[in-house]
Amino acid sequence: MAEPTRSKNGKQHKAPRAWQRMLSGRRLDLLDPSPLDIEIEDIAHGLARVARWNGQTKGDHAFTVAEHCVLVDDICARLRPGWPMRWRLAALLHDAPEYVIGDMISPFKAALGVDYKAFEHRLAAAIHRRFGLPPELPQSVEDLIKRADKASAFFEATQIAGFEDEEAAVIFGRPRGLTPFRLKPLPTRDAQARFLKRFAELSAG
């Protein structure tokens, strides 16, 4: 609930609401997110409805953040066969904060500056704690997820986002040691189900 505050003229007014109600019934405080208010079903629901590339992709369906997260995990598994399941779970959840904040393209994130990144970092840390991961990942884990993320961006850019191969190679780097993944954007329900299925597999492992 918003707390009453006083303006310079002494009148009371309410501070802006800073929580979001999820379909699970949880109320997530966006300024101070608690792991207790984070549910994987809410994350999957949100990510399956957030379009990558601001929706500027080919096909009848958007390529969602849920699909991107599964792809990044797939790439990590190829780059590091036998990688511990907990780090693959971290890869799957690497963009989980976007179930709340959406998928902003990198240039816009840079324009918003440090406050946005700090908010994203707090939410990511709460998500990690909720699912048994350290708030701060080891640097080697971060590096591999980032490499997989860039490889995913290259495949997405050249297959469904209209980039020429050379242009994508300059911006994202050409993936090394990987055969291309063939991408086909899924309907929302299928993307959500695929994300939840992968989460269940990695959590069990």
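Quantities reported herein were computed from a predicted structural model and do not represent experimental measurements.

Draft legend 1. Here's a closer look at the overall build of the chain. When its secondary structure is counted, the chain shows 9 helices and 4 strands. Counting helices and strands in the order they occur from the N terminus, the chain gives β-β-β-β-α-α-α-α-α-α-α-α-α. Taking all 205 residues of the chain together, 44% fall into the buried category. Long-range contacts, defined here as pairs at least 24 residues apart, represent 62% of the contacts in the chain between residues at least 6 apart.

Draft legend 2. Quick peek at the packing of helix H2 (residues 65-79) against helix H7 (residues 139-159). Taken N-terminus to C-terminus, the directions of H2 and H7 make an angle of 120°; their axes are 9 Å apart at the nearest point. Between H2 and H7, the angle is such that the two are oblique. Of the two possible hands of crossing, H2 and H7 adopt the one that is right-handed. Touching His68, Leu71, Val72, Ile75, Cys76 and Leu79 of H2 are Leu144, Ile145, Arg147, Ala148, Asp149, Ala151, Ser152, Phe155 and Glu156, all from H7.

Draft legend 3. Region of interest: H2. Spanning 15 residues, H2 covers 21 Å between terminal C-alpha atoms, matching the ideal 21 Å at 1.5 Å per step. Across the 15 residues of H2, 12 count as buried, placing the element largely inside the fold. For H2, the complete set of buried residues consists of Val65, Ala66, Glu67, His68, Cys69, Val70, Leu71, Val72, Asp73, Ile75, Cys76 and Leu79. In this structure, the buried side of H2 is in contact with helix H1 (40-47), helix H3 (85-92), helix H4 (98-101), H7 and helix H9 (188-204).

Draft legend 4. Quick look at the packing of aromatic side chains. Applying the stated rule across the entire model yields 6 aromatic pairs. For the ring pair Phe154 and Phe155, a centre distance of 6.1 Å and an interplane angle of 75° mean the geometry is edge-to-face. Through a chain of ring-to-ring contacts, three or more aromatic side chains come together here, namely Trp53, Phe163 and Phe172. Lying across the ring of Trp19, Arg27 places its NZ or CZ 4.2 Å from the centre. The ring of Phe181 has Arg78 lying over it, and the distance from NZ or CZ to the ring centre is 3.9 Å.

Draft legend 5. How the structure looks around unusual backbone geometry. The backbone of Trp53 shows a phi angle near 60°, a positive value even though the residue is not glycine. Inspection of the secondary structure puts Trp53 in the loop between H1 and H2. Accessibility expressed as a relative area gives 17% for Trp53, which makes it buried. With phi around 50°, Asn54 is a residue other than glycine that occupies positive phi space. Tracing the sequence through the fold places Asn54 in the loop between H1 and H2.

Draft legend 6. Representation of the nonpolar core. Core analysis: the biggest nonpolar cluster contains 60 residues, and Ile43 and Phe195 have the highest contact counts within it. The set of elements that each furnish at least two residues to this core consists of H1, H2, H3, H4, helix H6 (114-130), H7, helix H8 (165-172) and H9. Contacts of Ile43, omitting those with residues within four sequence positions, involve Ile38, Ala96, Tyr99, Ile127, Phe131 and Phe195.

How each quantity is defined
Each chain carries its own residue numbering, running from 1 in the direction its sequence is written. Residues qualify for local features only when their pLDDT is at least 70, as the model is predicted, and side-chain atom pairs are given and counted only at 80 or more; totals for whole chains, interfaces and linings, by contrast, use all residues. Calculated side-chain values reflect all of the structure's heavy atoms, with hydrogen atoms and water omitted. Secondary structure counts use DSSP, requiring at least four H or I residues in a row for a helix and at least two E residues in a row for a strand, with both numbered from the N terminus. To sort residues, take the accessible area from a 1.4 Å probe on protein chains only and compare it with the maximum for the residue type: under 20% means buried, over 50% means exposed, and anything in between is partly exposed. In this analysis, two residues are considered to be in contact whenever any of their non-hydrogen atoms come within 4.5 Å of each other. To get an axis, fit a line to the C-alpha atoms, keeping to the stretch in contact for a helix; angles then go from 0 to 180 degrees between the N-to-C directions. Every angle not falling under 35 degrees, over 145, or within 65 to 115 is termed oblique; those three ranges are roughly parallel, roughly antiparallel and roughly perpendicular. By definition, turning the near helix anticlockwise from the far helix through less than a right angle yields a left-handed crossing, and turning it clockwise yields a right-handed one. One less than the residue count of a helix, multiplied by 1.5 Å, gives the span that helix is expected to have. The aromatic pairing rule takes the rings of Phe, Tyr and Trp, using the six-membered ring of Trp, and pairs them if the centres are within 6.5 Å, calling planes under 30 degrees apart stacked, those over 60 edge-to-face and the rest tilted. Consider the ring centre and the ring normal. A charge sits over the ring if Lys NZ or Arg CZ is within 6 Å of that centre and within 35 degrees of that normal. Note on terminology: a nonpolar core comprises buried Ala, Val, Leu, Ile, Met, Phe, Trp, Tyr and Cys residues joined through side-chain atoms within 4.5 Å.

Any link to function would need more than the numbers given here.
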